[in-house]
4 protein chains.
Amino acid sequence: MIFASDNWAGAHPAIAERLLKESAGFAAAYGTSDLDRKVEDRFNEIFERKVAVFFVGTGTAANSLALASVARPGGVAFCHTEAHVTVDECGAPELFTGACRLVPVPGADGKIDPAALAAAIGRFPPGAVHQGRPIVVTITQATESGSIYSLDEIDRIAAMARAHHVPLHMDGARFANALVALGTTPAEMTWKRGVDILSFGATKNGCWCAEALVFMNPEAARDMPFIRKRAAQLFSKSRFIAAQFDAYLEQDRWLDLARHANAMADGLRAGIAASNSGRLGWDTHSNEVFAVLKKEAAEAATAKGTKFYDWPIPADMPGLVGPDEVLIRLVTSFATTESDVSDFIAAIKAA
Amino acid sequence: MIFASDNWAGAHPAIAERLLKESAGFAAAYGTSDLDRKVEDRFNEIFERKVAVFFVGTGTAANSLALASVARPGGVAFCHTEAHVTVDECGAPELFTGACRLVPVPGADGKIDPAALAAAIGRFPPGAVHQGRPIVVTITQATESGSIYSLDEIDRIAAMARAHHVPLHMDGARFANALVALGTTPAEMTWKRGVDILSFGATKNGCWCAEALVFMNPEAARDMPFIRKRAAQLFSKSRFIAAQFDAYLEQDRWLDLARHANAMADGLRAGIAASNSGRLGWDTHSNEVFAVLKKEAAEAATAKGTKFYDWPIPADMPGLVGPDEVLIRLVTSFATTESDVSDFIAAIKAA
Amino acid sequence: MIFASDNWAGAHPAIAERLLKESAGFAAAYGTSDLDRKVEDRFNEIFERKVAVFFVGTGTAANSLALASVARPGGVAFCHTEAHVTVDECGAPELFTGACRLVPVPGADGKIDPAALAAAIGRFPPGAVHQGRPIVVTITQATESGSIYSLDEIDRIAAMARAHHVPLHMDGARFANALVALGTTPAEMTWKRGVDILSFGATKNGCWCAEALVFMNPEAARDMPFIRKRAAQLFSKSRFIAAQFDAYLEQDRWLDLARHANAMADGLRAGIAASNSGRLGWDTHSNEVFAVLKKEAAEAATAKGTKFYDWPIPADMPGLVGPDEVLIRLVTSFATTESDVSDFIAAIKAA
Amino acid sequence: MIFASDNWAGAHPAIAERLLKESAGFAAAYGTSDLDRKVEDRFNEIFERKVAVFFVGTGTAANSLALASVARPGGVAFCHTEAHVTVDECGAPELFTGACRLVPVPGADGKIDPAALAAAIGRFPPGAVHQGRPIVVTITQATESGSIYSLDEIDRIAAMARAHHVPLHMDGARFANALVALGTTPAEMTWKRGVDILSFGATKNGCWCAEALVFMNPEAARDMPFIRKRAAQLFSKSRFIAAQFDAYLEQDRWLDLARHANAMADGLRAGIAASNSGRLGWDTHSNEVFAVLKKEAAEAATAKGTKFYDWPIPADMPGLVGPDEVLIRLVTSFATTESDVSDFIAAIKAA
């Protein structure tokens, strides 16, 4: 029972087999093959408009290069206090943007609070050279806390970005999980809301290494070929990233995989809530579950070989965890099985 | 007949199948899986010493992070005028080293001339703050010109680097091709000569995306975990790079693949030399062939669907190419077949 | 009556005349003149130990290069939420450190709260590659809020830095003002407390352009000559910075100038507190005064030609300012006169 | 007799006195004072058009920020092999441009050869992502070799830059010396020729620290306020740089000072040529003189206290210096006297 992270899973069989199938033969290198083109067209279909797509190898690369594409000297990006870009990427965004700064903005439930965002941006009046200047707002969908911005909430953030003349980026490392949880479309969750640039993650949802940077306005991606190459993210055999996306985006596979992961998380949520061994730390609807377990329940699960991470208690929830309890994070994926879920619930109940 | 570059090939079947096989199950992320460890051990065997190994996704990343690992403010790296790091990586080395500078050093046959290197380094006397300071010498084996440094030649460069107290890096994008051409061992071609850091390329020789940065002295790699993560080169499902290397380095597969590629190049060399349609531009022993063809011969090959690149005439060989001739580069790979070679030779002969 | 900032003042006559006097003749360039050496020796005296001193042109340069001297890939610096380095330097620290990150740490009164610092550093366990790694703690003395760390408070911050094996930097843009307010010595306020690197500011206190970076352990400054040159901060006629310091540090001039500025601020504090036109926003002991004035009092002062800045209400003091009031900052300097002070007090009283 | 460099001189009395005069009183900080504005207007007059002017502290800053203002990811700047930006600035241009690359272009007499420039730029076809992309051509006037581009020669370089859609920058560390040597106007030597950005140096010609970055098209300087602040080059008491320029540019003082320096160099040139102790290494018309002296003559001058630098023999003049000879550089300045010149000539003649 592996709930440590969705990136502990391997690759979905259909995707792995597509890689094998595409391994024969020759093709033009550096992203110029027919397969690269075909998959780029598939992105146009999915987003219901002509977009510019750039394949990269990691989520950190996707996010960092998204920010790099809008970087200017003295630039400041606004993100949630717990956003992956500022907490988990070892300064990669700062490096690739040429030393732009990330300003953390608080907000409950892992989401940027619009009023806090207004206050944060408000500290950068136009022309205030000492402070620097806003260049982008970035949100994460689904968030690091497992929550999901509603379409209305995205609208509010987007309106704020627009009011300050900066683009809106979405870190979609778990884009598909958010999409199926909201039951909406890629277009509705992005450009129709005002999202300009998207990190479209596929690695956590069944690929082994496939991330795409999607520019809703291709004009805005003018510098990206150079930004990507200089970032060492232009793969010579780029068509193998394309091949993964080709299988991933085929029919509704990517959505089905996300639905499965979310359903497995639903099972965990229901099982934990119904148990006497703990409770949900807070409500989530994605493939991430945060649970407050009795220590003995957590230990029992660990003894059965379950992998999960202890999680730091959020600063705004100081009384969340009792003295004999522990806060843990459980993440499901396309590879999680119903028996993984039921075995885990059984293990904590038996404690 | 694809001779455009070895990275137009796909993945070798044994490697592609290993990827498929490893796609099931779960494993610890970010380079900490058992398979990552196993392959790291394999590198120790191959290099006959304990080395530090870091998997990355592209050759540009390997080279750039090698230089980053020795970067210091005001640092200057010395490379051949035509080295990939300075000519073909869009400033990635400059970016990842925090703005170190690459000083081009001339030399015939794509190899750094030791006397020119001495002169170049000599312009940086210790403490000369305006000029900056030497931090590394980097050579390419096999070179961009298809040539191969002999062990003695590496010794001479290494002695120069040592005399100036800077480490020696080897860009081994075509490491295996050079190794089998020289008929030597990885240890002999690297640390026994004085090479401190190696970009160990596998993508061009049968993997789809597998590059490793090898530090002969693991102590010198102290900062590398942070350098790699910050460079967006720490793959969450790193074990898929490991899986490629696992199959690649199994028994002598990697050497066999390189031997095959070199043999195919030998076939091209022999066929061209024996034809009336052209001649070798200069002698090479790796999987790169540079040929001066009659224009009609080149066009005939192209008409048959052959892919290759026209090549700029080297500055030190101004009279190499006649008025009705063209200089081209042909690159073979593990995937090149004998009929590719014979068809090409037949095509140019028929012109 | 100019209270906008201490850097609206000119240069003290003794310093300006020294510049004139040193303008004749020739001297070795780039910081190697006899005068440069003499002043460096003076720093040794002042700090009661052998220190390494580097003259630079701006306070932003001093702070940024201090951080650059300890930068490592993935590095994270800890500063107060309102520190000049993170709020007022347009990303210069990020640029010069090669994209290190500044983590803001809260604390009342403009000072880092030791417990908050412990919590902030605690989020970076050793080897946690995703998060990055602590490289330095930086405090400001006197702070942006006009407060001054006591020697005990510096001890507590220094202990925390030591416990996490990172150096402690002090931004001393108003070093002299803090020093005379505490009535202590440079040695006591710095290295005897555990301060490793000091930005020693003189511009705000009577020079026109003289900042020094002081390394308490000269060994730690090994890379600084290159860091400074690369930052475009090595002045060819460096002796003119030296000349300013020479006059500034002569006998106790620098302390006298700071005492004067602080005394003028005392006058403002006393006058405001005794008036019916406003009150002190909070207590300060340096040359910065924060006052809550009735709007009509502030307007009356402005009408008399007084210059000062409105100040944002601190996040932790939401009820500080009433509906008909305004928070302002007043800064005194060596050039402030007693009549400036009394005229200002008279102006607000008359409102 | 100081001929080591023009930056060994101090400040011209008229400039030093202006600094003293402006040291009293208060003025708005960070480049917004009336004096800053007045001097900016003076630049408009001098250049016969509305220009954008940014004061900075060092020549390295001026050059680096000029390049930074046109930097783009993957950018490549073209300069002469011996240009100060690439040889003497410790990587500052690379740092401030966010890791752009400087490509050295050869050319006799310290000047870029237009044909070599065409060849160098020609290696960067549009869209060639691996190579990067041209962003600027930079020339030095007067050059590091003491030579001066004629107006026609600037035209030719400018035409090449325009043909490749990149701006032209001029490093004018010795702008005034070149100007009076050519007997032309600032407008004629810059924007009328196609120069877009100028590093306008005054430090070497009588100021102590005054450099200006001049944009012929103010629109192109849009990002400069942030670029300069982030580079730690926005001086709080900026009016003291303005004050230096104010005195420097008053009437024809700056041209008179340069004429004097050049005339002193003429004296050296004539004296050396007429002596039996050596000869001119090559012809120059600026304030730099390169002489091949008999070793004993050089030693005799040194024994008299003369300061000058030995100079490396240019790569394209291998036979320039005989076995008992030495190549030296002599630089004159506003502060050089006729007796300095005659004493030096007497010293070498006496050897």
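What counts and what doesn't
Residues numbered from 1 in each chain as written. Chains lettered and ligands numbered in written order. Predicted model: local features only at pLDDT ≥ 70, side-chain atom pairs only at ≥ 80, totals over all residues. Heavy atoms only, no water. Helix = DSSP H or I, 4+ residues; strand = E, 2+ residues; numbered from the N terminus. Rg over C-alpha atoms; globule rule 2.2 N^0.38 Å. Buried < 20%, exposed > 50% of the residue type's maximum accessible area, 1.4 Å probe, protein only. Contact = heavy atoms within 4.5 Å. UniProt positions renumbered as here; feature names shortened; annotations may be inferred. Pairing = 2+ DSSP bridges. Axes fitted to C-alpha atoms, helices over the stretch in contact; angles between N-to-C directions. Domains from an automatic or database assignment. Buried area = accessible area lost by both parts, 1.4 Å probe. Salt bridge = Lys/Arg side-chain N within 4 Å of Asp/Glu carboxyl O. Polar contact = N/O pair within 3.5 Å; in protein donor to acceptor, adjacent residues only side chain to side chain. Nonpolar A, V, L, I, M, F, W, Y, C, P; charged D, E, K, R; others polar. Parallel < 35°, antiparallel > 145°, perpendicular 65-115°, else oblique. Left-handed = near helix turned anticlockwise from the far one by under 90°. Phe/Tyr/Trp six-rings, centres within 6.5 Å; stacked < 30°, edge-to-face > 60°. Lys NZ or Arg CZ within 6 Å of the ring centre and 35° of its normal. Least-squares fit on C-alpha atoms with pLDDT ≥ 70 in both.

K.L.:
Would you explain the overall build of chain A in this entry?
P.N.:
Across its full length, chain A holds 14 helices and eleven strands. By the compact-globule yardstick of 20 Å for 351 residues, chain A fits well, its C-alpha radius of gyration being 21 Å. Projected onto its principal axes, the C-alpha positions of chain A cover 60 × 55 × 30 Å. When each of the 351 residues of chain A is scored for burial, the buried share is 67%. A separation of at least 24 residues holds for 75% of the contacts in chain A among residues at least 6 apart in sequence.

K.L.:
I tried to follow the UniProt feature "domain: Aromatic amino acid beta-eliminating lyase/threonine aldolase" (unreviewed entry) in chain A on my own but got confused; where do I start?
P.N.:
The UniProt record annotates "domain: Aromatic amino acid beta-eliminating lyase/threonine aldolase" (unreviewed entry) at residues 3-275 of chain A. Span residues 3-275 of chain A is 42% helix and 14% strand, its end C-alpha atoms 18 Å apart.

K.L.:
Any chance you could explain the sheet that holds strand β7 (residues 211-215) of chain D here in plain terms?
P.N.:
Strands pair in a sheet through their backbones, by hydrogen bonds, and they do so in one of two ways: parallel or antiparallel. Residues and elements named next belong to chain D. Across the sheet, which stays open at both edges, the seven strands sit in the order β1-β7-β6-β5-β4-β2-β3 with mixed pairing between neighbours. In this open sheet, the two edge strands, each paired with only one partner strand, are β1 (52-56) and β3 (101-105). The sheet shows a mean angle of 20° between the axes of neighbouring strands, taken without regard to direction. Bridge count between strand β2 (residues 75-80) and strand β4 (residues 133-140): four bridges; the pairing is parallel. What sits directly across from Val76, in β4, is Pro134.

K.L.:
Sorry if this is basic, but what is going on with the domain arrangement of chain A here?
P.N.:
A common way to report how large an interface is uses the accessible area buried once the components associate. Residues and elements named next belong to chain A. Taken as a whole, chain A is organised into domain 1 (12-248) and domain 2 (253-350). Listed as interface residues are 26 residues of domain 1 and, on the opposing side, 21 residues of domain 2. Summed over both sides, the interface between domain 1 and domain 2 buries roughly 1800 Å², with carbon and sulfur atoms accounting for 58% of that surface. The tally of links between domain 1 and domain 2 comes to one salt bridge. Of the charged contacts, one joins Arg174 and Glu288 as a salt bridge, the two residues approaching to 3.3 Å between their closest N and O atoms. Between the two partners, domain 1 and domain 2, sit nine residue pairs in polar contact (both at pLDDT 80 or more). Only α8 (175-182) and α11 (239-248) provide two or more residues apiece to the side of domain 1 that touches domain 2. In terms of residue count, α8 provides more of the side of domain 1 that touches domain 2 than any other element does, six residues in total. Residues belonging to the side of domain 1 that touches domain 2 are distributed by class as follows: 14 nonpolar, eight polar and four charged.

K.L.:
Hey, could you run me through the pattern of salt bridges in this one?
P.N.:
When the charged atoms of two side chains lie near each other, side chains of opposite charge can form a pair. In the structure shown here, the tally under the stated rule is 81 salt bridges over all chains. In this structure, Arg253(B) engages Glu250(B) in a salt bridge whose closest nitrogen and oxygen atoms are separated by 3.1 Å. On the basis of relative accessibility, which here comes to 22%, the residue Arg253(B) falls in the partly exposed class. We note a salt bridge from Glu288(D) to Arg329(D), for which the minimum N-O separation is 3.0 Å. Note that Glu288(D) is positioned in strand β9 (residues 288-294) and Arg329(D) in strand β11 (residues 325-331), a separation of 41 residues in sequence. Residue classification places Arg329(D) among the buried positions, given a relative accessible area of 7%. Through salt bridges with shared partners, a single ionic network connects Arg18(A), Lys38(A), Asp246(A), Glu250(A) and Arg253(A).

K.L.:
How should the packing of helix α1 (residues 13-21) of chain C against helix α11 (residues 239-248) of chain C be read in this particular structure?
P.N.:
When two helices pack together, their arrangement is given by the angle between their axes and by how far apart the axes lie. Residue and element names in this part refer to chain C. Axis separation between α1 and α11 bottoms out at 8 Å; the angle between their running directions is 140°. Considered as vectors, α1 and α11 are oriented oblique to each other. Regarding α1 and α11, the two cross each other, and that crossing is right-handed. Packed against α1, whose contacting residues are Ala14, Ile15, Arg18 and Leu19, the element α11 presents Phe240, Ala243, Gln244, Asp246, Ala247 and Tyr248 at the interface. Classifying every residue of the contact of α1 with α11 gives seven nonpolar, one polar and two charged.

K.L.:
Explain the packing of aromatic side chains to me, please; I cannot follow it from the model alone.
P.N.:
To describe a pair of aromatic rings, one takes the distance between the centres and the angle between the planes. Enumeration over the complete set of coordinates arrives at 84 aromatic pairs over all chains. Look at Phe43(A) and Phe200(A): their rings are 5.1 Å apart centre to centre, the planes differ by 75°, and that puts the pair in the edge-to-face class. With a gap of 157 residues between them, Phe43(A) in helix α2 (residues 34-47) and Phe200(A) in strand β6 (residues 197-201) connect regions that are remote in the sequence. Here Phe43(A) and Phe200(A) have matching classes, each one buried. Taking the centre distance of 5.9 Å and the plane angle of 85° together, the rings of Phe54(C) and Phe215(C) count as edge-to-face. Of this pair, Phe54(C) sits in strand β1 (residues 52-56) while Phe215(C) sits in strand β7 (residues 211-215), placing them 161 residues apart in sequence. As far as burial versus exposure is concerned, Phe54(C) and Phe215(C) are alike and both buried. One aromatic cluster in this structure is built from Phe43(A), Phe47(A), Phe55(A), Phe175(A), Phe200(A), Phe245(A), Tyr248(A) and Trp254(A). Taking NZ or CZ as reference, Arg239(A) lies 5.2 Å from the ring centre of Phe240(A), over its face.

K.L.:
Is there a simple way to explain α8(A) in this structure?
P.N.:
Along an α-helix, residues three or four positions apart point the same way, because every turn accommodates 3.6 residues. All names here are of chain A. With six of eight residues buried, α8 is to be regarded as a mostly interior element. The set of residues buried in α8 consists of Phe175, Ala176, Asn177, Ala178, Leu179 and Val180. On its buried face, α8 is in contact with α2, β5 (168-172), α9 (186-189), β6, α11 and α12 (253-274). Remark: Gly183 follows α8 within two positions and exhibits a positive phi of approximately 65°.

K.L.:
Explain the sheet that holds strand β9 (residues 288-294) of chain C to me, please; I cannot follow it from the model alone.
P.N.:
Residue and element names in this part refer to chain C. Taking strand neighbours across the sheet as the criterion, the four strands line up as β8-β9-β11-β10 in an open arrangement whose pairing is antiparallel. Each end of this open sheet is capped by a strand with a single partner; those strands are β8 (278-280) and β10 (309-310). Judged from the seven bridges that link them, β9 and strand β11 (residues 325-331) form a sheet pairing that is antiparallel. Looking at the pairing, Leu293 lines up with Val326 of β11. Of the strands in this sheet, β9 and β11 touch helix α13 (residues 295-303), which is tilted by about 115° from β9.

K.L.:
Help me understand the relation of the copies chain A and chain B in this model?
P.N.:
The two chain copies are connected by a rotation around an axis plus a translation along it. Superposition of chain A onto chain B requires a rotation of 180° combined with a translation of 0.0 Å along the rotation axis, giving an RMSD of 0.0 Å. A rotation of that kind, with that shift, is consistent with a two-fold axis. Mapped onto chain B, 100% of the interface residues of chain A are again interface residues, and the two copies thus contact each other with one and the same surface.

K.L.:
What is the right way to look at the interface of chain A and chain B in this model?
P.N.:
With 52 residues of chain A in contact, the opposing surface of chain B contributes 52 residues. Buried surface at the junction of chain A and chain B, both sides included, amounts to about 4200 Å², of which 67% is carbon and sulfur. A per-residue breakdown of the area chain A buries against chain B is headed by Phe26(A), Trp208(A) and Lys237(A), which together make up 20% of the total. The tally of links between chain A and chain B comes to zero salt bridges. Where chain A packs against chain B, one counts 22 residue pairs in polar contact (both at pLDDT 80 or more). When residues of the side of chain A that touches chain B are traced back to their parent elements, those giving at least two are α1 (13-22), α3 (59-68), α5 (92-96), α10 (224-230) and α11 of chain A. Here the side of chain A that touches chain B is built from residues that sort into 29 nonpolar, 15 polar and eight charged.

K.L.:
Looking at this structure, I do not really get the interface of chain C and chain D. What am I missing?
P.N.:
With 52 residues of chain C at the contact, the number on the chain D side is 52 residues. Taken together, the two surfaces of chain C and chain D that pack against each other cover about 4100 Å², and 67% of this comes from carbon and sulfur. By the criterion of area lost to chain D, the three top residues of chain C are Phe26(C), Trp208(C) and Lys237(C), representing 20% of everything that side buries. Inspection of the chain C/chain D interface yields zero salt bridges. At the surface where chain C touches chain D, the tally comes to 22 residue pairs in polar contact (both at pLDDT 80 or more). Those elements that provide at least two residues to the side of chain C that touches chain D are α1, α3 (59-68), α5 (92-96), α10 (224-230) and α11 of chain C. Here the side of chain C that touches chain D is composed, by residue class, of 29 nonpolar, 15 polar and eight charged.

K.L.:
Is there a simple way to explain the pairing of strand β2 (residues 75-80) of chain A in this structure?
P.N.:
Residue and element names in this part refer to chain A. Here β2 lies mainly inside the structure; six of its six residues are buried. Relative to strand β3 (residues 101-105), β2 runs parallel, the two being bridged by five bridges. The partner of Phe78 across the bridge, within β3, is Val103.

K.L.:
Would you take a moment to explain the environment of Asp88(B) for this structure?
P.N.:
Tracing the backbone through its elements, the reader meets Asp88(B) in the loop between α4 (84-87) and α5 (92-96). We classify Asp88(B) as buried; its relative accessible area is 16%. The sequence separation of Asp88(B) and Thr60(B) amounts to 28 residues, and the corresponding C-alpha distance is 8.6 Å. Aside from chain neighbours lying at most four places away, what touches Asp88(B) is Lys229(A), Ala83(B), Glu144(B), His130(D) and Gln131(D). At 2.9 Å, the side chain of Asp88(B) and the side chain of Gln131(D) are in polar contact.

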